[in-house]
Amino acid sequence: MVMVVREIGVVGSGQMGSGIAQLAAVSGFHVVMVDSDENALKKGLQNIHSSIHRAINKGQLSKSVADDALQRLRCSTSLQEFHSTDVVIEAIVENENVKKQVFSELDKVAKSSAILASNTSSISITRLAAATSRPGQVIGMHFMNPPPVMKLLEIVRGAQTSEDAFVTIKGLAHRLGKTVICSQDYPGFIVNRILMPMINEAFYALYTGVATKEDIDTGMKLGTNHPMGPLELADFIGLDICLSILKVLHDGLGDSKYCPCPLLVQYVDAGRLGRKRGIGVYSYSGTPKSNSHL
Ligand code: 3HC
């Protein structure tokens, strides 16, 4: 049955989880954001507050709408809080085993009609669904970073995702103000299947001395009208995340064209993970941060 969604759960309070929770609360939904790490939860809530206050100061959100949104949002360290949610969106670390464990736990605590969605950037929805007793109600909701700003939602249908679950999530996406694209469940889906080889190629261009990082980025920004160059964007996404997606593409599609550039691997090994660590391809002065709003 197609469902009218009223309450949304979000697992994970990092950059993506807090951004999704903010978007859902501002869009009129009751939201519960859960993170097992209390400090991470506090930081996620702070991110939401500062992002919402910035929107108020810019005149994009009225104070009363913002206050209502914050009242509809609650936080917890326990997955039990999802007993009444209609849809739970998982946005935790990109690790298949950890995600499977969370899906198996969500399956036990969420009501039987609830849809379990993953914000995974590349892991198989079909395999996550197999960790539950409701594979028809498991689906991919791949938000782009930052979720409150980017217009796109990539919906991924697992091998067993039901038509009702798909239609429900498509309706939800429209209520969140997103334009939907639909991907079948193959490695990297649509966006990362195309984006990550471009980022990887930019690393190869840097690695083999074709050009400086600045010229590679300026080339793509001014030459193809991208808002960020590929190396700058990799820092924004997180070099560890880019590497893990490339490994999924390489393993899943078995083609050497997806082989991660040694320079990318070396940066990740060295802890140069991008903006969130204050250093990646570029150095970011001041406090480590994930983007200019956090
Ligand atoms: N939360 C809320 N709002 C935010 C925000 C955040 N985290 N970050 C930026 N914004 C808003 C600002 O308030 C501003 O709004 P306004 O124009 O209405 O005033 C707008 O976004 C632009 O922000 P800024 O002026 O501060 O900065 P920029 O003009 O440099 O834009 C950017 C920042 C939106 C991040 C832009 O550089 C951009 O679009 N970059 C590309 C991002 C991108 O490609 N994301 C997708 C990555 S791929 C992905 O996520 C998939 C994953 O699986 C890897």
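Asks: Got a sec to walk through the site of the ligand? Specific residues and values, please.
Replies: Taken together, 22 residues surround the ligand, and among them R54, K58, Q60, H142 and N145 come closest. Here an oxygen atom of the ligand and a side-chain polar atom of Q60 are 2.5 Å apart. N192 places a polar side-chain atom, nitrogen or oxygen, 3.0 Å from an oxygen atom of the ligand. Protein burial of the ligand: of its 1000 Å² of free accessible surface, 69% is covered by the chains. Of all the elements in the fold, those that place two or more residues in the shell around the ligand are α2 (38-57), α7 (191-207) and α9 (230-237). Counting only domains with at least three residues in the shell around the ligand, you end up with domain 1 (7-184) and domain 2 (193-277).

Asks: Any chance you could break down the packing of aromatic side chains for me, citing the residues and the numbers?
Replies: With the rule as written, the count across this model stands at 2 aromatic pairs. Ring centres of F203 and Y267 lie 6.3 Å apart, and the angle between their planes is 75 degrees; on these two criteria the pair is classed as edge-to-face. Of this pair, F203 sits in helix α7 while Y267 sits in helix α11 (residues 262-269); the two residues are 64 residues apart in sequence, bridging distant segments of the chain. Of the residues examined, Y267 reaches a relative accessible area of 12% and is grouped as buried. When the ring of Y204 is compared with that of Y207, the centres are 6.4 Å apart and the planes differ by 65 degrees; the resulting orientation is edge-to-face. One end of the pair is Y204 and the other is Y207, both in helix α7 and 3 residues apart, which spans about a single turn. Assessed through its relative accessible area of 25%, Y204 is described here as partly exposed.

Asks: Pulling in residues and values, what's your account of the sheet that holds strand β3 (residues 73-76)?
Replies: If you trace the 8 strands from one edge of the open sheet to the other, you get β3-β2-β1-β4-β5-β6-β7-β8, paired in mixed fashion. At either margin of the open sheet sits one strand with a lone partner, and together these are β3 and β8 (179-184). Across the sheet, the mean angle separating the axes of adjacent strands is 25 degrees when strand polarity is ignored. Strands β1 (7-11), β4 (87-90), β5 (115-118), β6 (138-143), β7 (152-157) and β8 of the sheet are contacted by helix α6 (residues 163-175), whose axis makes an angle of about 175 degrees with β7.

Asks: Summarise the pairing of strand β2 (residues 30-34); cite the residues concerned and give the values.
Replies: Within β2, 4 of the 5 residues are buried, which leaves it mostly tucked inside the rest of the structure. Pairing of β1 with β2 involves 5 bridges; the strand directions are parallel. Among the inter-strand pairings, G9 is bridged to a residue of β2, identified as V32. One crossover worth recording links β1 to the parallel β2 by way of helix α1 (residues 15-26), and it is right-handed.

Asks: So, the domain arrangement of the protein chain: which residues are in play, and what are the values?
Replies: Size of an interface: often given as the accessible area lost when the parts come together. Split into domains, the protein chain comes out as domain 1 (7-184) and domain 2 (193-277). Taking only C-alpha atoms into account, the centre of domain 1 sits 26 Å from that of domain 2. At the interface, 6 residues of domain 1 touch 5 residues of domain 2. Roughly 470 Å² is buried in total at the junction of domain 1 and domain 2, and carbon and sulfur atoms are behind 61% of that figure. Considering only the side of domain 1, the residues that lose the most area to domain 2 are E94, S122 and N145, jointly responsible for 61% of the buried surface there. Seen at the junction of domain 1 and domain 2, the total is 0 salt bridges. Seen at the junction of domain 1 and domain 2, the total is 0 residue pairs in polar contact (both at pLDDT 80 or more). Across the side of domain 1 that touches domain 2, the residue classes tally to 1 nonpolar, 4 polar and 1 charged.

Asks: Lay out the packing of α1 against α2 with the relevant residues and their values.
Replies: It is at 9 Å that the axes of α1 and α2 come closest, and there the two elements cross at 50 degrees. For the element pair α1 / α2, the angle class is oblique. Where α1 crosses over α2, the handedness of that crossing is right-handed. For the pair formed by α1 and α2, the contact residues are S18, A21, Q22 and V26 on the first element and G44, N47, I48, S51 and I52 on the second. The residue makeup of the contact of α1 with α2, split by class, is 4 nonpolar, 5 polar and no charged.

Asks: Could you give an account of the environment of T85, with specific residues and numbers?
Replies: Within the secondary structure, T85 is located in the loop between β3 and β4. What makes T85 buried here is its relative accessible area of 0%. For the pair T85 and I8, spaced 77 residues apart in sequence, the C-alpha separation works out to 5.4 Å. Excluding its chain neighbours within four sequence positions, the residues that come into contact with T85 are E7, I8, G9, V32, K111 and A114.

Parameters and conventions
Residues numbered from 1 in each chain as written. Predicted model: local features only at pLDDT ≥ 70, side-chain atom pairs only at ≥ 80, totals over all residues. Heavy atoms only, no water. Near = heavy atom within 4 Å. Polar contact = N/O pair within 3.5 Å; in protein donor to acceptor, adjacent residues only side chain to side chain. Areas by Shrake-Rupley, 256 points an atom, 1.4 Å probe, with all protein chains shown as cover. Helix = DSSP H or I, 4+ residues; strand = E, 2+ residues; numbered from the N terminus. Domains from an automatic or database assignment. Phe/Tyr/Trp six-rings, centres within 6.5 Å; stacked < 30°, edge-to-face > 60°. Buried < 20%, exposed > 50% of the residue type's maximum accessible area, 1.4 Å probe, protein only. Pairing = 2+ DSSP bridges. Axes fitted to C-alpha atoms, helices over the stretch in contact; angles between N-to-C directions. Contact = heavy atoms within 4.5 Å. Right-handed = clockwise from strand over helix to strand, strands pointing away. Buried area = accessible area lost by both parts, 1.4 Å probe. Salt bridge = Lys/Arg side-chain N within 4 Å of Asp/Glu carboxyl O. Nonpolar A, V, L, I, M, F, W, Y, C, P; charged D, E, K, R; others polar. Parallel < 35°, antiparallel > 145°, perpendicular 65-115°, else oblique. Left-handed = near helix turned anticlockwise from the far one by under 90°.

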